[in-house]
Amino acid sequence: MAKVNKALFWSLFAAGGTLTAFVFPVLALITLIAAHGSPPDGIPEIMKFEQMQGLLANWFGKLAAFGTVSLALWHAAHRLRVGLHGLGLRADGLVAVVGYGIALVGTILAAYWLVQI
Amino acid sequence: MSAVQLELEILRYDPEKDQEPHFQTYQVACQEEWMVLDAINHVKDEVDTTLSYRWSCHMAVCGSCGMMIDGQPKLACKVSVKDYANKKVRIEPLANFPIERDLVVVQDDFMEKLKRVKPYIIRKEEQPIEAGEYKQSPAELKKFKQFTLCINCLCCYAACPEYALTPEFMGPAALALAHRYNTDSRDQGLAERHKELSKPEGVWDCSFTDTCSIACPKHVDPASALQQLKIATTVQWYKELIGMGDK
C-alpha cells in the first residue's frame, strides 16, 4: 500500500477503535432491545423499536449512527489486516483490498439505509 | 561463600570456526549478590577466556549487556542470579539481530535507523550565541523527559514481534527517540523527520503489542511514544493534504 494510505487508514482505525470501545456495547444493547419489538418487562417503553427508529429519523441521530457503524467497520478491517500479518499471512495487498472493500461497502450501505429512515 | 549454583548454557559462535551456533554449558558457583553479568564475567575470567560479550558499566547505564536470558531480553547487569537459583539458564545474543560472535550482535541496522530519525535538535535558524540559551519550562521538559532515558540496549528490538517479521521496520528505540525530539519545545524538525516516519516502514508497522515497553529496562515506554507518534504523523499527513503541514 502506498504510504499515503497508511495515515488515512490508521486514523480511521484509531477513531473507530476509540468510538467502538465507548459506544458499541450500549449500541448493541439498544439494537437488541429494539429488535425485540416491544421491550421486555422492566425495560422502559422508550426503548421500543419505533422510538429508536424515530431517533434515527433525526439528522443528528443519523450522523451519530453512521459515524459509529462505519468507523467500527474500518477499525475491524485494519485490525484484521494487522492481525493477519502478525499471524504470518503474507498477502497484505489482498487482505487490505478485501477488508477495506467490505468496510467501504458497509459504509455506503449504512449511509443508504440511514437516509431511507 | 557460594550461595547460588547456576548452570549457564551460553550460545557460542565463532564465524571463523563454527558452521553454526551451539550451546556450551558452564557450572558457576555464584555469590548471592551477583548479577547474571557477574556470573558471565566469572566464566570469562576463570573458565573460558574465549567467550565474547559486551559490557561496560555494570549499573544499567551503558546499555551494552543486553542479551536473551532464559528467552527474555534483559540487561545482564540488572538481573540477579537468585532469580535463576539452581536452574539451567540459557544465555543467548539478542534476538532479531545477526550474531557477530558469541553474545555479540551486529548493531549496524539499528545504527543506520537511528541516523535516519535525526535524533538531535533541529533548528530552522540557529539563534546567535548572544541571544542566550533556548529556555524550557519544567512542563515542556516533562513532555519528553521519559523518552530521553533510553540507553540503546536494544532489548526492545529483541522483544518486538513486528521487527522480527519486518526487519525494515524502524523499531521502538529509534522511533521513541524521534518522538523525544519532536516533542522537545526547542526542536523544529518535525516535518523533516516526518519524511522518514511516514514511510510504511516508519511508524506504521507497529501493531502495539507493548512488548517493547515490557522489555525496556529503563521504563522508557517506547510503545507509548510510538502511539503518540502515530497520532502526530497522522495529523501532519492530514495537514500536508490541505497544504497546512509543519514546514
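The rules behind the values
Along each chain, residues carry numbers from 1 onward, in the same order as the chain's sequence is written. Each chain takes a letter, starting from A, and each ligand takes a number, starting from 1, following the order in which they are written. Given that this is a predicted model, residues contribute local features only at a pLDDT of at least 70 and side-chain atom pairs are listed and counted only at 80 or more, while totals for whole chains, interfaces and linings are drawn from all residues. With hydrogens and water set aside, each side-chain value is computed from the structure's full complement of heavy atoms. Two strands pair under a simple rule: DSSP has to find at least two bridges between them. Per the convention used, a helix needs a DSSP run of H or I reaching at least four residues, while a strand needs a run of E reaching at least two, with both numbered from the N terminus. Note on method: axes are straight lines fitted to C-alpha atoms, helices fitted across the in-contact stretch only, with angles between N-to-C directions ranging 0 to 180 degrees. What makes two residues a contact is simply this: any of their non-hydrogen atoms within 4.5 Å. In these notes the angle categories are as follows: under 35 degrees is roughly parallel, over 145 is roughly antiparallel, 65 to 115 is roughly perpendicular, and the rest is oblique. By convention the crossing between two helices is left-handed if the near helix lies anticlockwise of the far one by an angle smaller than a right angle, and right-handed if it lies clockwise. Gly is put with the polar residues, along with every residue not named as nonpolar or charged; the nonpolar set is Ala, Val, Leu, Ile, Met, Phe, Trp, Tyr, Cys and Pro, and the charged set is Asp, Glu, Lys and Arg. What is meant by a nonpolar core is a set of buried Ala, Val, Leu, Ile, Met, Phe, Trp, Tyr and Cys residues, joined one to another through side-chain atoms within 4.5 Å. When a residue's accessible area, from a 1.4 Å probe over protein chains only, is under 20% of the maximum for its type it is buried; when over 50% it is exposed; and in between it is partly exposed. Per the annotation, domain bounds derive from an automatic or database assignment of domains. The rule for a salt bridge is simple: a side-chain nitrogen of Lys or Arg has to be within 4 Å of a carboxyl oxygen of Asp or Glu. A quick way to say it: buried area is the sum, across both parts, of accessible area lost when two parts are put together, with a 1.4 Å probe. In protein, a polar contact means a hydrogen-donor-capable atom and an acceptor-capable atom, both N or O and within 3.5 Å, with residues adjacent in sequence counting only if both atoms are side-chain atoms; elsewhere, any N or O pair within 3.5 Å suffices.

Asks: I'd like a rundown of the sheet that holds strand 2 (residues 22-30) of chain B, residues and numbers included.
Replies: Residue and element names in this part refer to chain B. If you walk across this open sheet you meet the five strands as 2-1-5-3-4, and the pairing is mixed. The open sheet is flanked by strand 2 and strand 4 (72-75), the only strands paired with a single partner. With direction set aside, neighbouring strand axes in the sheet form an average angle of 35°. Sheet analysis places strand 1 (residues 4-12) next to strand 5 (residues 88-92), joined by four bridges and oriented parallel. Bridge assignment links Glu9 to a residue of strand 5, and that residue is Arg90. Of the strands in this sheet, strand 1, strand 2, strand 3 (66-69) and strand 5 are in contact with helix 1 (residues 36-47), which crosses strand 2 at around 100°.

Asks: Could you give an account of the packing of helix 2 (residues 108-116) of chain B against helix 6 (residues 172-182) of chain B, naming the residues involved and the relevant values?
Replies: All names here are of chain B. Two elements in contact, helix 2 and helix 6, have axes whose closest approach is 9 Å; the angle formed by their N-to-C orientations is 15°. Here helix 6 runs roughly parallel to helix 2, going by the angle between their axes. Remark: the crossing between helix 2 and helix 6 carries right-handed chirality. The residues of helix 6 that touch helix 2, namely those facing Phe110, Lys113 and Leu114, are Ala173, Ala174 and Leu177. Among the residues forming the contact of helix 2 with helix 6, the class breakdown is five nonpolar, no polar and one charged.

Asks: I'd love a proper account of the nonpolar core, names of residues and values included.
Replies: Residue and element names in this part refer to chain B. Counting 64 residues, the largest nonpolar core has Leu6, Leu8, Ile40, Ile69, Ile91 and Tyr157 as the members making the most contacts within it. Ranked by residues supplied to this core, first place goes to helix 6 with six residues. Here this core spans two domains, and each of domain 1 (4-105) and domain 2 (108-241) adds at least three residues to it. Excluding anything up to four places from it in sequence, Ile91 contacts Leu8, Glu9, Ile10, Leu11, Phe23, Val36, Ile40, Met67, Met68, Ile69 and Leu103.

Asks: Just give me the short version of the pattern of salt bridges, but keep the residues and values in it.
Replies: All names here are of chain B. Scanning the model with the defined rule gives 15 salt bridges over all chains in all. Ionic pairing is found between Glu9 and Arg90, a salt bridge with its closest N-O pair at 2.7 Å. Of the two residues, Glu9 is situated in strand 1 and Arg90 in strand 5; the sequence distance between them amounts to 81 residues. A relative accessible area of 36% places Arg90 in the partly exposed class. For the salt bridge of Asp48 with Arg12, the shortest nitrogen-to-oxygen distance reads 2.9 Å. Of this pair, Asp48 sits in the loop between helix 1 and strand 3 while Arg12 sits in strand 1, placing them 36 residues apart in sequence. Judged by relative accessible area, Asp48 falls into the buried class, the value being 12%.

Asks: Go over the interface of chain A and chain B, please, and point to the residues and values.
Replies: Listed per partner, the contact involves 13 residues of chain A and 14 residues of chain B. With both sides pooled, the region where chain A packs onto chain B buries about 1200 Å², and carbon together with sulfur makes up 66% of that total. Between the two partners, chain A and chain B, sit zero salt bridges. For the pair chain A and chain B, the interface holds two residue pairs in polar contact (both at pLDDT 80 or more). Residue assignment for the side of chain A that touches chain B shows that the elements contributing at least two residues are helix 1 (3-35) and helix 3 (59-86) of chain A. If one sorts the elements of the side of chain A that touches chain B by residue count, helix 1 of chain A sits on top with seven residues. For the side of chain A that touches chain B, the per-class residue count stands at six nonpolar, three polar and four charged.

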